[in-house]
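Below, each chain spelled out in residue letters.
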Amino acid sequence: MKRRLLLILLHIVVVLSLTSCTNSEESTSSTFTELTISAAASMKEPLLQIGERFEQEHDTIQLHYNFGGSGALKNQIVHGAPVDVFISAAPIHIKELIEKEIMKEEHAIPFIRNSLVWITHQDKEAVFANIIQGNQPIAIGTPATVPAGMYAKQALESAEMWSAVKNRIVFTKDVRHVLSLVEQQSVMAGVVYQSDALSSDHVTIVETIDPSLHESIEYMIGVPQSSNNKQAALSFMEFLQSEEGVSVLQEAGFTSMDMKQVTQ
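Please read all numbers here as calculations on a predicted model, not as lab measurements.

Attention now goes to the overall build of the chain. Along the backbone of the chain there are 11 helices and 10 strands. When burial is assessed residue by residue, the chain has 45% of its 264 residues classed as buried. Counting only carbon and sulfur atoms, one obtains 49% of the accessible surface of the chain, whose full area is about 13600 Å².

In a structure, side chains of opposite charge can pair up when their charged atoms sit close to one another. Applying the stated criterion to the full structure yields 5 salt bridges. A salt bridge links E244 to R53, with the shortest nitrogen-to-oxygen separation between them at 3.5 Å. Of this pair, E244 sits in helix α11 (residues 243–251) while R53 sits in helix α2 (residues 44–57), and the two are 191 residues apart along the sequence. Between E96 and K74 there is a salt bridge whose closest N-O contact spans 3.0 Å. A residue pair is termed long-range when its members are at least 10 positions apart, and E96 in helix α4 (residues 91–99) and K74 in helix α3 (residues 70–78) qualify at 22 residues.

Taken in spatial order, the 5 strands line up as β7-β6-β8-β5-β9 in an open sheet, and their pairing is mixed. Looking along the sheet, the strands with just one partner apiece sit at the ends: β7 (169–172) and β9 (203–208). Neighbouring strand axes in the sheet, compared pairwise and without regard to direction, differ in orientation by 35° on average. Pairing of strand β6 (residues 138–141) with β7 involves 4 bridges; the strand directions are parallel. Looking at β7, one finds that I140 is bridged to F171. Across the sheet, helix α8 (residues 175–183) is in contact with β5 (116–121), β6, β7, β8 (189–193) and β9; its angle to β8 comes to roughly 140°.

This brings us to helix α6 (residues 147–158). Counted at 1.5 Å a residue, the expected span for α6 with its 12 residues is 16 Å, and the 16 Å between its end C-alpha atoms agrees. The buried count for α6 comes to 9 of 12 residues, which makes it a mostly enclosed element. Taken together, the buried positions of α6 are occupied by P147, A148, G149, M150, Y151, A152, Q154, A155 and L156. Once α6 finishes, E160 follows within two positions and takes phi at roughly 55°, a positive value.

Let us now look at the pairing of β8. Within β8, 5 of the 5 residues are buried, which leaves the element mostly enclosed by the surrounding structure. Bridge analysis of β5 against β8 gives 4 bridges, and the strand direction is antiparallel. Bridged to V117 within β8 is V192.

With that out of the way, let us pick up the sheet that holds strand β4 (residues 103–113). Taken in spatial order, the 5 strands make up an open sheet running β2-β1-β3-β10-β4, and their pairing is mixed. The sheet is open, and its two edges are formed by β2 (61–68) and β4, each paired on a single side. Here the strands of the sheet are splayed against their neighbours by 20° on average, with no regard to which way each runs. Its contacts with the sheet place α2 against β1 (33–40), β2 and β3 (85–88), and it is angled at close to 175° to β2. Relative to the sheet, α4 contacts β3, β4 and β10 (218–224), its axis offset from that of β4 by approximately 175°.

Looking now at the nonpolar core. Counting residues in each nonpolar core, the largest one holds 66 residues, and the members touching the most others are M43, I87, W118 and Y219. With 7 residues, the single largest contributor to this core is helix α10 (residues 230–241). In this structure I87 touches I37, S38, A39, A40, M43, L47, S70, F111, Y219, M220, I221 and L240, once residues within four positions along its chain are discounted. Within the second largest apolar cluster, 10 residues are counted, among which are L73, M103, A108 and M220.

Once that is clear, we can look at the packing of aromatic side chains. As enumerated under the stated definition, the model contains 6 aromatic pairs in all. Relative to F236, the ring of F54 lies with its centre 5.2 Å away and its plane at 80°, an arrangement referred to as edge-to-face. Of the two residues, F54 sits in helix α2 while F236 sits in helix α10, which places them 182 residues apart along the sequence. Per residue, the accessibility class of F54 equals that of F236, and both read buried.

Their axes nearest at 11 Å, the elements α2 and α10 cross at an angle of 120°. Relative to α10, the element α2 lies oblique. Crossing geometry of α2 relative to α10 is assigned as right-handed. Here L47, I50, G51, R53, F54 and E57 of α2 come into contact with α10, specifically with A232, S235, F236, F239 and L240. The class makeup of the residues in the contact of α2 with α10 is 7 nonpolar, 2 polar and 2 charged.

So, how was this worked out
- Residues numbered from 1 in each chain as written.
- Predicted model: local features only at pLDDT ≥ 70, side-chain atom pairs only at ≥ 80, totals over all residues.
- Heavy atoms only, no water.
- Helix = DSSP H or I, 4+ residues; strand = E, 2+ residues; numbered from the N terminus.
- Buried < 20%, exposed > 50% of the residue type's maximum accessible area, 1.4 Å probe, protein only.
- Areas by Shrake-Rupley, 256 points an atom, 1.4 Å probe, with all protein chains shown as cover.
- Salt bridge = Lys/Arg side-chain N within 4 Å of Asp/Glu carboxyl O.
- Pairing = 2+ DSSP bridges.
- Axes fitted to C-alpha atoms, helices over the stretch in contact; angles between N-to-C directions.
- Contact = heavy atoms within 4.5 Å.
- Expected span 1.5 Å × (residues − 1).
- Core = buried A, V, L, I, M, F, W, Y, C linked by side-chain atoms within 4.5 Å.
- Phe/Tyr/Trp six-rings, centres within 6.5 Å; stacked < 30°, edge-to-face > 60°.
- Parallel < 35°, antiparallel > 145°, perpendicular 65-115°, else oblique.
- Left-handed = near helix turned anticlockwise from the far one by under 90°.
- Nonpolar A, V, L, I, M, F, W, Y, C, P; charged D, E, K, R; others polar.

Shown next as C-alpha cells:
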C-alpha cells in the first residue's frame, strides 16, 4: 500500500513539473518577437550592423532579413509575403503599396539618400569617356525592378548616352550583382551606389554621376498593414532614424536627410 501511494505521489510531482515547464516555454515564446526585414540589396552591410545593435538593446526581438531589388521585394509583399518592415531604394515602390492600401501613409517615411557612381575593377585603368565609347559590356540593374538601374538609365538618357551603350548593357537582378560582376571582371564597368562602391576593396570609382541627371535617390521605409508586429517594427524604424543608426549609414556612404517620426 505504501509503495502504491509513493508511486502516485511521484506521478503527481512529474505531471506538475512538466506543466510548469510547458507554461514557462509558452510564456517565453509569447514575449519573443521575430521581425522580417525586406530591404534593398544596397542596404545589406550597414543594416546588418544596425540590426545587431538593435537586437542588443531589444533582447526579445530577433531580426530576419530578405535582401534584393526593391521592385522584386515590393512584388513579394503585394503577393502576400510576410514582411514587417520594407526598405526601398526608391519611393515609387512604397507609394505603390500605399496606393494599393497594403501600407498606411503614416507608417512610411523617407529616411536616407545615396549617390550614383561609375566603377571599374581596381586593376583596370579606365576613364569615363572610354567606358561610354568602348565596346566592352557594362552592367546596371534592371531598370524596371532595380532603382539603381532606373536612376542609371535616367542619367544616360539625360546625357544622351543611352543609345550608345544600350546594346552592350548587362542587366542584373540587383545593384549588388553589378558590383559582383565588376569585381569578377566579367564586365568593363558598372553603375552602383556610392555606398556599394565603398563596401568593396576590389573596385575603384571612375566618376560620380551628376545628380541633376536623374531623380533624387531617396530611400523609404515602411510597415505593411499585414504585419502582426507593428509596434516592434515601428521601434526598429525609430532605431534606424536614431543618431546611432544614421551614423552607421553615413559611414557606409549614405547621406542623411531631415527626419520625421512615424505615427505609432
